Amino acid sequence: MKDLSMKTKMALAVSLMFVVVIVLLAWGALYYQEQSLGKAISRQQYALVSSLAANIDDKLALAHNALITAARELPPETVRSSDRAQHFLDARILLLSVFDNGLFLISRDGKLIAESPFLPGRRELDLTSQEYFRQTIATGKPCISKPYTSSRTPGHPAIFLSAPVFDRQGRLTGILGGSFDLWGRNFLQDLSRTRYGDASYFYLTDRDRTIIVHPDRNRILTRMSPGATPLYEKALAGFEGSEETISSQGIRVISSVRHLRTAGWILAANYPSAEAYAPLKTTRHYFLLATLVLTIAVLAIVWLLMKRLTAPLATFTRHVESLPADFGHHHLLEIDSSDEIGVMAQAFNQMVSELETQQTVNESRLKTLLRLNEMTSSSLKEIADLALEETVRLTRSTIGYLAFVNDDESVLTMYSWSRAAMQECAISDKPREYPLSGTGLWGEAVRQRRPVITNDYTAPNPCKKGYPPGHVEVRRHMNAPIFDGERIVIVAGVGNKDEEYDETDVHQLTLLMQGMWRLMQHRRAEEALREEKEKFSLAFQAVPSALVIATLADGKYLEVNEAFERMMEYRRDEVIGRCSLGLDIWENREERAMVIRKLAEGEKVRNQEIGFRSKSGAIITGLYSAEIISIGAERCLLSLVNDITARKKAEEELRRSEERYRSLYNETPVMLHSIDHDGLLVSVSNYWLDTLGYERSEVIGRKTTEFMTDASRQYAEDVVLPEFFRTGSCKDIAYRFVKKNGEIMDVLLSAIAERNDEGEVVRSLAVMTDVTDRKRAQEEIEKLNTDLMARAMELENANREMETFSYSVSHDLRKPLTVISGYCQVIREVCGDHLKEECLGYLQEVQSGAVRMNELIDALLKLSCLTRSELHRETVDLSSIAHTVAAELTLTAPDRRVTFRIADGISVNGDAKLLRVVLENLFGNAWKYTANREEAVIELGVIDIDGTAACFVRDNGTGFNMADAEKLFLPFQRLPGAGEFKGHGIGLATVERIIRRHGGRIWAEGEPDKGATFWFAL
């Protein structure tokens, strides 16, 4: 330094001072800009985190409320049937679209009843070890679980939302749940794919540090290390906001945290500081380079131009000193010089201009986003149009467009054009949908999945497909895809900027369109929430029970449903804003205070029987349930009342009925008693006591078998009682009871059992009939029956001999008939061509006579069998048999027009097979003798004749002369005129013998050509 001249020293000193001043001022300006930018990014990031937290809260609340509503709608019997439960879950389409890991119905003992979508082999799966099951059972309230490993999708982390299921008595019978797969496609997993920078990310944890959502799925279900992230530790203590901190990976980040009100989770966002301040870092590098160049230039020329340079340096210094206060006003340094100081001033002016321009554009974009957020009453189209116009303005373009992309990214639907584009375009019929395969250069943003800049649109490009006549001329073009997770949802583009497009324009377009898309999604979510509120209102009004929302403090009515209006006879406008005590609705005012006190102490108020007073003064008995809820900042009382006034009246009537039954039981002149499941007497009628001679205190609690003879007791204990407890009934069991005075009484006992829900016999009702006198008479009858049986055996032997004779005669008669018929057939076949027609007629007569003789033999045998067969009496439904016979006759001649009129409910006591023969013959005769009638009518009916039921079969056929009535029932007797109808004269004789064997009689009434009526009584 000693060898240098003063001029050089001054040049060096001035140059050094210049460099020091420039560096200090520039670094000060950069530091100020860095602080301002950091605060702006922090505010913007915290606003974004708050919006996402509110969105997640809303979706969780909507999903949980929908699940709770479904649990209330679930019929109680569904819990007891897996198939019904499966059908109920499969029908919840809306819930299945929300819970991507399925819907579940779990019994109170932790067994899986059903799940949807259905997976085989999982029913009855034990879920008692799950935290959400234990918590819901313990509290009886809905809950959101901690993250856990799903058994439905093995290895996948999941979150479970539960809702308790109560029966009509308010008992918890099961749990309805829905699950989110934290590796699946749902709104929680969408958070992990959300980006607003290259390296930024969001993550979500619960209060126990367990990670729920994270871009690295391997970190889900792991725990945050204590102390690894200072801001996260503050968030656990209740902090919400943004700070610059160190992440768990040791990276300096701008971090924001916000608590979720629904589940108490913590939503956090990390934005690496290096990426946030990247523009400033680039500016700093340029500045250092410029400073170095200026320093070299100053060192070279300052010693020659010291005086000239002093003034510009002073001016430059003053400008730099005023820059922090005036930043943003675009004050440029005016130095009329082309030397190194002038070059440095120009570079500095350019740097300041770029920073001011960038800040202005950022502020303009934020103002646009704020303006979009304030467009609460605008349509989505108006929001999109404004966002597009602002994008055109911010990128200094003249035209712009916005198109939505379908789910599979194959079709682009044009949604909005800028005003300038609409004015310049001369195409009248503009298409709105464009298949991606048919698009040219503007579709490359979707195909390449990145922004595409074309600063010379006229240059040849293989991707271009041209545009139609009248289209706006395009000189420059830029468009970018907007992502929602991994899917492209929007393609936005601008064009015809005077300067070339660069990454700054891409950045502005992308950020603004992403903000617009998030706003549109938020608006759609708000509309969905509004629809859910409308549905809740409809459900509130549709509940058949009276529902009331009132303030907790003074009982002022806020809302009532239609069931309340019907029950209490008040209109809604008569009670809203008024107090229940003022309207005197509570029959006992103290009961409301009792309800409030129980709820305040944490007790449940469920189905309490409380009286209310309607507008007309009528007292209504209701089952009252209540819960404290919060509406905004006000605590309210939600009340539900089921009107049981009618039920109470029915219960009182039942009590009176039971008293009447008890009196009837004790006073009826019948021997009645009841035993329990151990066979001990629990009640006996007064007539039972009077008949056996005991007092009530002597028999209650003792076994009925103690009052029987030894033989009856052994029979009852070994045979009757075990069978009775198994089947639940017994009938006409013969016992011998011992009266108190020692007399033996024969009884017939019949009893029925009353069972509990498990099918066990808990009580019986037995009736005893004294048959002592009847048994003595029966013994006499048995003696007479013995003699009668002996005579019956003699008659049976005679019938057997008669049967042998009949078959012998039948065989002896049939043989010559068969020979005659056979030889006639042989003559016809051998000599038929040589015989005259008259001879052939004779042969036919002989053969037909043999056939008729054979049929007569069959009829005689049948008549003989009917008169000898044993009767099997039972209750016979003649109407049913008649319908069957009528159907069979109709099949023989379906073309005939015959109307059958068969009375319903005709029942008699007799042999079913023989009575069918009666109806077959009577209906057959009616069918045969009405053949010449165009409209035939055959009728079966019954009337009372002198206290005896007489059945009749009536037709409108040829009839008969009453003078011949006595011949009708004789064998082989046919009336005059009957020759034209087929028959042997055996049918009515058969009917008469069957009726006579039943102890009845048969007669007929008729008139020629006016039909006939056959009557019979059994």
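In this text the structure is predicted, and so the values were computed from the model without any measurement.

Caption draft 1: The arrangement of the sheet that holds strand β15 (residues 452-454) in detail. Overall, antiparallel pairing links the 6 strands, which are arranged β14-β13-β12-β17-β16-β15 in an open sheet. On the outer flanks of this sheet lie β14 (433-435) and β15, each paired with one strand and no other. Each strand axis lies, on average, 25 degrees off the axis of its neighbour in the sheet, ignoring direction. Pairing of strand β16 (residues 477-484) with strand β17 (residues 487-495), which is carried by 8 bridges, proceeds in the antiparallel orientation. Counterpart to Ala 480 in the pairing with β17 is Ala 492. Strand contacts of helix α11 (residues 380-394): β12 (399-405), β13 (411-417) and β17, with the helix running at about 80 degrees to β13, the strand carrying the most contacts. This element, helix α14 (residues 503-542), spans β12, β15, β16 and β17 of the sheet and lies at about 40 degrees to β16.

Caption draft 2: Molecular detail of the packing of aromatic side chains. All told, the structure shown has 24 aromatic pairs when counted by the stated rule. Measuring from ring centre to ring centre gives 5.2 Å for Phe 180 and Phe 187, while their planes differ by 80 degrees; the resulting arrangement is edge-to-face. What makes Phe 180 buried here is its relative accessible area of 0%. Each ring, one from Trp 688 and one from Phe 707, has its centre 5.9 Å from the other, and the planes form 90 degrees; the classification is edge-to-face. Of the two residues, Trp 688 sits in helix α19 (residues 686-692) while Phe 707 sits in the loop between α19 and α20 (710-727), which places them 19 residues apart along the sequence. Grouping residues by exposure puts Trp 688 and Phe 707 together as buried. The structure contains a cluster of three or more aromatic residues connected by ring pairs, namely Phe 104, Tyr 132, Tyr 148 and Phe 160. The ring of Phe 239 is capped by Lys 234, whose NZ or CZ atom sits 4.5 Å from the centre of that ring.

Caption draft 3: Quick peek at the sheet that holds strand β8 (residues 211-213). Spatial ordering of the open sheet is given by β8-β7-β11-β10-β9, a layout of 5 strands whose pairing is antiparallel. Strand pairing shows two members of the sheet lacking a second neighbour, β8 and β9 (241-246), which therefore form its edges. With direction set aside, neighbouring strand axes in the sheet form an average angle of 35 degrees. Relative to strand β10 (residues 252-259), β9 is paired through 6 bridges, and the arrangement is antiparallel. Looking across to β10, one finds that Gly 241 is bridged to Val 257.

Caption draft 4: Here's a closer look at a negative patch on the surface. Judged by side-chain charge, Asp 456, Glu 500, Asp 502 and Glu 503 come together as a negatively charged surface patch. Here Glu 500 lies in the loop between β17 and α14. A relative accessible area of 53% means that Glu 500 is categorised as exposed.

What counts, and where the lines are drawn
Residues take numbers from 1 onward in each chain, read along the sequence in its written order. Local features in a predicted model are, by the rule used here, given only for residues with pLDDT of at least 70; side-chain atom pairs are given and counted only at 80 or more, and totals for whole chains, interfaces and linings are based on all residues. Note that water and hydrogens are dropped before the side-chain values are worked out from all heavy atoms of the structure. In short, DSSP must find at least two bridges between two strands for them to pair. Helix numbers and strand numbers start at the N terminus; a helix is a DSSP run of H or I with at least 4 residues, a strand a run of E with at least 2. The axes are straight lines fitted to the C-alpha atoms, using for helices just the contacting stretch, and the angles between their N-to-C directions are given from 0 to 180°. Note on contacts: a residue pair qualifies if any of its non-hydrogen atoms lie within 4.5 Å across the two residues. Under the pairing criterion, centres of Phe, Tyr and Trp rings, with the six-membered ring standing for Trp, must be within 6.5 Å; the plane angle then separates stacked pairs below 30 degrees from edge-to-face pairs above 60, leaving the rest tilted. Per-residue accessibility, obtained with a 1.4 Å probe over protein chains only, is compared with the maximum for each type, and a residue is labelled buried under 20%, exposed over 50%, and partly exposed between these values. Charge over a ring is defined by NZ of Lys or CZ of Arg lying within 6 Å of the ring centre and within 35 degrees of the ring normal. Exposure above 30% relative accessible area and no salt bridge define the residues that can form patches, which grow by joining like charges within 9 Å and nonpolar side chains of Val, Leu, Ile, Met, Phe, Trp and Tyr within 5 Å. Per-residue and other accessible areas follow the Shrake-Rupley method at a 1.4 Å probe size, with only the shown protein chains counted as cover for residues. By definition, a salt bridge exists where a carboxyl oxygen of Asp or Glu is found within 4 Å of a side-chain nitrogen of Lys or Arg. Residues scored as charged are limited to Lys and Arg (positive) and Asp and Glu (negative), so that His and the chain ends carry no count. To locate a charge, the coordinates of NZ of Lys, CZ of Arg, CG of Asp or CD of Glu are taken.

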